[in-house]
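Given next are the chains, with one letter for each unit.
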Amino acid sequence: MDNTDKKQQVRNERHKARMARLKEKVDAKIAAATDDKGLLLVLTGNGKGKSTSGFGMITRAVGHGLSAGVVQFIKGNWECGERNLLEKVGVSFAVMNTGFTWDTQDREKDIAAAETVWKEAKKLLADPTIDVVMLDEITYMLSYDYLDLDEVLDAISHRPEQQHVIVTGRGAHKQLLEMADTVSEINNTKHAFEAGIKVQKGIDW
Ligand code: ATP
Ligand code: MG
């Protein structure tokens, strides 16, 4: 065995020992995680990937035969690729019937639209036959005071015990973060839009 082979052998053995130690730690953590309950997951931050991550979980859930409902609190001017697909497999959608808030520029109208779609969200949050609920972009309704924070937190905390709730949107309220089981903050490292590239079908909507 020449020197290079010996070095490789030592490296392989060290790797094996390190992986065995890691496996022990991971196995212990898996064994300790025994609780089973509906989760509140918050996807926030300024980077791209919040709604797509939420839709990823909805797709994953539906793939396992679970039932899901999506409520979209801000509707863009373009159609939603996920809705086109997921409605076909039984996911219910409720969409706020105004455009982006900076398009409508009408606070009263936005509040009325937010309250109407919130009623649909409340129905889902009270329905034990729905396994996963996604409240897409609801964070803005709370930061603009379009919806009452206490009412939203109350409906989420009194939902059926096994129901999962996914919340997306920038600037998630502190109390929502405290209540959540899982929080991911997606940072904006760079985005094509900043380089003058328009939104791309299948990627951005
Ligand atoms: P996505 O739906 O792609 O997961 P998102 O939910 O994280 O995005 P939103 O703030 O809801 O982000 O933005 C929706 C739209 O704005 C998408 O078309 C997305 O590509 C775009 N977008 C997201 N983040 C940025 C950013 N940092 N700069 C510019 N455009 C962005
Ligand atoms: Mg989004």
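Owing to the predicted nature of the structure, the values given are computational and were not obtained by experimental measurement.

Student: How should the coordination of the magnesium ion (ligand 2) be read in this particular structure?
Tutor: Four donors placed tetrahedrally around a metal ideally meet at 109.5 degrees, and six donors placed octahedrally ideally meet at 90 or 180 degrees. Within the protein, the magnesium ion (ligand 2) binds to Ser-51 (OG) and Glu-137 (OE); these donor distances fall in the range 2.1 Å. Note that Ser-51 is positioned in helix α2 (residues 50-63) and Glu-137 in the loop between β4 (132-136) and α6 (138-143), a separation of 86 residues in sequence. There is no split in this pair, since Ser-51 and Glu-137 are both buried.

Student: Sorry if this is basic, but what is going on with the domain arrangement of the chain here?
Tutor: Size of an interface, as often reported, equals the accessible area lost when the parts are brought together. Along its sequence, the chain is carved into domain 1 (1-34) and domain 2 (35-195). Between the C-alpha centres of domain 1 and domain 2 there is a distance of 41 Å.

Student: Sorry if this is basic, but what is going on with the sheet that holds strand β1 (residues 40-44) here?
Tutor: Through backbone hydrogen bonds, the strands of a sheet pair up, either in parallel or in antiparallel fashion. Strand order across the open sheet formed by six strands is β3-β2-β4-β5-β1-β6, with parallel pairing between neighbours. Only two strands of the sheet have a single neighbouring strand rather than two, namely β3 (92-95) and β6 (182-185). Mean inter-strand twist for the sheet, computed between neighbouring axes without regard to direction, equals 10°. Here β1 runs beside β6; their pairing, made up of four bridges, is parallel. By the bridge assignment for β6, Val-42 is matched with Val-183. Together, β1, β2 (68-72), β3, β4 and β5 (164-168) form the strand contacts of α2, whose direction differs from that of β4 by roughly 165°. Seen against the sheet, helix α5 (residues 107-125) touches β2, β3, β4 and β5 and runs at an angle of roughly 160° to β2.

Student: Can you help me understand the site of ligand 1 in this one?
Tutor: Near ligand 1 lie 16 residues; those nearest to it are Lys-48, Gly-49, Lys-50, Thr-52 and Asp-204. Contacts to ligand 1 include Gly-47, whose backbone N or O atom sits 3.3 Å from an oxygen atom. At a separation of 2.4 Å, an oxygen atom of ligand 1 approaches a polar side-chain atom of Asp-204. When ligand 1 is considered free in solution it has 570 Å² of accessible area, and contact with the protein chains removes 84% of it. Ranked by residue count, the leading element in the shell around ligand 1 is α2, at three residues. Among the residues forming the shell around ligand 1, the class breakdown is three nonpolar, seven polar and six charged.

The rules behind each value
Residues numbered from 1 in each chain as written. Chains lettered and ligands numbered in written order. Predicted model: local features only at pLDDT ≥ 70, side-chain atom pairs only at ≥ 80, totals over all residues. Heavy atoms only, no water. Donors = N, O, S within 2.8 Å, 3.2 Å for Na, K, Ca; no water. Helix = DSSP H or I, 4+ residues; strand = E, 2+ residues; numbered from the N terminus. Buried < 20%, exposed > 50% of the residue type's maximum accessible area, 1.4 Å probe, protein only. Domains from an automatic or database assignment. Pairing = 2+ DSSP bridges. Axes fitted to C-alpha atoms, helices over the stretch in contact; angles between N-to-C directions. Contact = heavy atoms within 4.5 Å. Near = heavy atom within 4 Å. Polar contact = N/O pair within 3.5 Å; in protein donor to acceptor, adjacent residues only side chain to side chain. Areas by Shrake-Rupley, 256 points an atom, 1.4 Å probe, with all protein chains shown as cover. Nonpolar A, V, L, I, M, F, W, Y, C, P; charged D, E, K, R; others polar.

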